[in-house]
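Topology and contacts: notes
One letter stands for each residue in the lines below.
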Amino acid sequence: MKRAGWYGMVGGLLMGMAAWSELPRCVTPDGGWNGVFAPDGGEIVYVARGTNGEEELRLGNLETLETVAVGVRGDKLQRVPDSEWILFLAPGHFPVLEYFRPSDRQSRDFTDKATPDGPAVVLPGGLIYWAAEAVTQAYDLNQRDFVEPAFELPDHTLAVSPDGRLAVVERREAERPVLEVIEIATGKLRHLLEGFGGTGKVGVYAPVFTPDGRQLLYASGEAPERAKLFCLTLEDGVAVELSAELDGRYPPAFSPDGCQLLFTAVTDGRPNLWLIS
């Protein structure tokens, strides 16, 4: 296991970018979590607690830090690549998938088919995959219609690589979550992600592939809300610890151009969203 700070190392690690130009900065001074970038990259959509105490979606400007409630409730936010939509899970007795467009604050649902067994995954081309009653469903947001899935989602899938070849699946080992990176076509195990250090109860959480599919970010810690951020290079299996503490209940999110990273961290007992460029 290697350990590295923000400066000087991420340039060669994440997508060949230049080194981070600044330390993380808080972009939700009033609190917020589970944030994703809007398609234009200048705004974020995230979850916060409203004045009535209920959770709501908000739209925040990254330059002015001004925020506005959008009149929609939900969580499990994901930006859908190559589309203008944000995917989220709407609350209810049977939570359903819906999608939200930041530009005009419209939200839409699919059909009653969009009640997932577990997390939905997003892919380039505006595609969304999820399992419903153990059957893989696929929806094309650009066509606004269900399509034939190109592959079947393995059980307990949390993330799929941009090229659709690899899946990250969760399993339990001694009461802690362990992540496996497997080939979807063959089921072959490529990498096993286990927690490091601690009391042996360290788990791994919140996996997300980099936009080019070469690396995998994930969190590891004895408690998900107080976890460390790691980056696994898929070609050689080397994992590097980044000097950042985050809330592993919510995956970090890349900006549309891949040059910024948004993540949730608990500070002073409250979750906030932090941005690194």
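Provided above is the structure to which this section pertains.
Anyway, here's the lowdown on the structure attached to this text.

Rules and cut-offs
Residues numbered from 1 in each chain as written. Predicted model: local features only at pLDDT ≥ 70, side-chain atom pairs only at ≥ 80, totals over all residues. Heavy atoms only, no water. Core = buried A, V, L, I, M, F, W, Y, C linked by side-chain atoms within 4.5 Å. Buried < 20%, exposed > 50% of the residue type's maximum accessible area, 1.4 Å probe, protein only. Helix = DSSP H or I, 4+ residues; strand = E, 2+ residues; numbered from the N terminus. Contact = heavy atoms within 4.5 Å. Pairing = 2+ DSSP bridges. Salt bridge = Lys/Arg side-chain N within 4 Å of Asp/Glu carboxyl O. Polar contact = N/O pair within 3.5 Å; in protein donor to acceptor, adjacent residues only side chain to side chain. Phe/Tyr/Trp six-rings, centres within 6.5 Å; stacked < 30°, edge-to-face > 60°. 1 Å grid on protein atoms, 1.4 Å probe; cavity = no way out; pocket = protein on both sides within 12 Å on 5 of 7 lines; lining within 4 Å. Points joined across faces, edges and corners; volume = space filled by probe spheres on them. Nonpolar A, V, L, I, M, F, W, Y, C, P; charged D, E, K, R; others polar. Axes fitted to C-alpha atoms, helices over the stretch in contact; angles between N-to-C directions.

1. A short note on the nonpolar core
If you look at the biggest cluster of nonpolar residues, it comprises 16 residues, and the most contacted ones within it are L217, A219, L229, L246 and L261. Of all elements in the fold, only β19 (203-209), β20 (215-221), β21 (227-233), β22 (238-246) and β24 (261-267) reach the threshold of two or more residues within this core. A219 has contacts with G203, V204, Y205, A206, A227, K228, L246 and G248, leaving out every residue within four places of it along the chain.

2. Observations concerning the sheet that holds strand β11 (residues 121-123)
What the 4 strands build is an open sheet, ordered β11-β12-β13-β14; its pairing is antiparallel. The sheet is open, and its two borders are formed by β11 and β14 (145-146), each paired with just one other strand.

3. Examining the pattern of salt bridges
Enumeration according to the criterion identifies 11 salt bridges in this entry. The partner of R214 in a salt bridge is D212, with the nearest N and O atoms 3.7 Å apart. A salt bridge links E245 to R226; its shortest N-O distance comes to 3.0 Å. Of this pair, E245 sits in strand β22 while R226 sits in the loop between β20 and β21, placing them 19 residues apart in sequence. With relative accessibility at 36%, the residue E245 sits in the partly exposed group.

4. Observations regarding the side chain of S83
Position of S83 among the secondary structure elements: in the loop between β7 (75-79) and β8 (86-90). Side-chain polar atoms of S83 contact the backbone oxygen of V80, separated by 3.0 Å. Discounting residues that sit within four places of it in the chain, S83 has contacts with P39, G126, L141 and N142.

5. With respect to the packing of aromatic side chains
Summed over the entire model, instances satisfying the criterion amount to 6 aromatic pairs. Judged by centre distance (4.9 Å) and plane angle (85 degrees), the ring pair of W85 and Y99 falls under edge-to-face. With W85 in the loop between β7 and β8 and Y99 in strand β9 (residues 96-101), this residue pair connects regions lying 14 residues apart in the sequence. A relative accessible area of 2% means that W85 is categorised as buried. Residue classification places Y99 among the buried positions, given a relative accessible area of 3%. Where Y218 meets F230, the ring centres are 5.5 Å apart and the plane angle is 15 degrees; that geometry is what we call stacked.

6. Observations regarding the layout of surface pockets
As a volume, the largest pocket reaches approximately 1,200 Å³. Those elements that provide at least two residues to the lining of the largest pocket are β3 (33-37), β7, β8, β11, β15 (157-160), β19 and β23 (253-254). The greatest single-element share of the lining of the largest pocket, amounting to 6 residues, is contributed by β19. Class assignment for the residues of the lining of the largest pocket results in 34 nonpolar, 8 polar and 6 charged.

7. Digging into the sheet that holds β3
A sheet is described by the order of its strands in space; here 4 strands give the open sequence β3-β4-β5-β6, paired in antiparallel fashion. In this open sheet, the two strands that pair with only one neighbour each are β3 and β6 (67-69). The mean inter-strand angle of the sheet, taken between neighbouring strand axes irrespective of direction, is 25 degrees. Both β3 and strand β4 (residues 43-49) contribute to a ladder of 3 bridges, which runs antiparallel. Across the sheet, V36 pairs through a bridge with V45, a residue of β4.

8. Side note on empty space enclosed by the protein
Counted under the stated rule, the structure contains 1 cavity of 30 Å³ or more. Around the largest cavity, the lining residues are V27, T28, P29, D30, G31, Y46, L65 and T67.

9. With respect to the pairing of strand β16 (residues 166-173)
Regular strands have side chains that alternate between both faces of the sheet. As judged from the 3 bridges shared by β15 and β16, these two strands associate in the antiparallel manner. Bridge assignment links A159 to a residue of β16, and that residue is V168. The loop that links β15 with its antiparallel partner β16 comprises 5 residues; one of these, G164, has a positive phi angle of about 75 degrees. In terms of strand pairing, β16 meets strand β17 (residues 176-183) through 8 bridges, oriented antiparallel. Opposite V168, over in β17, you have V181 as the bridge partner.

10. Overview of unusual backbone geometry
Positive phi outside glycine occurs at N34, with the angle close to 55 degrees. Assignment of secondary structure puts N34 in strand β3. A residue is classified by how much of its surface remains accessible, and N34, at 4% relative accessible area, is buried. For A206, which is not glycine, the phi torsion reads 50 degrees and is therefore positive. Following the sequence through the fold, A206 ends up in strand β19.

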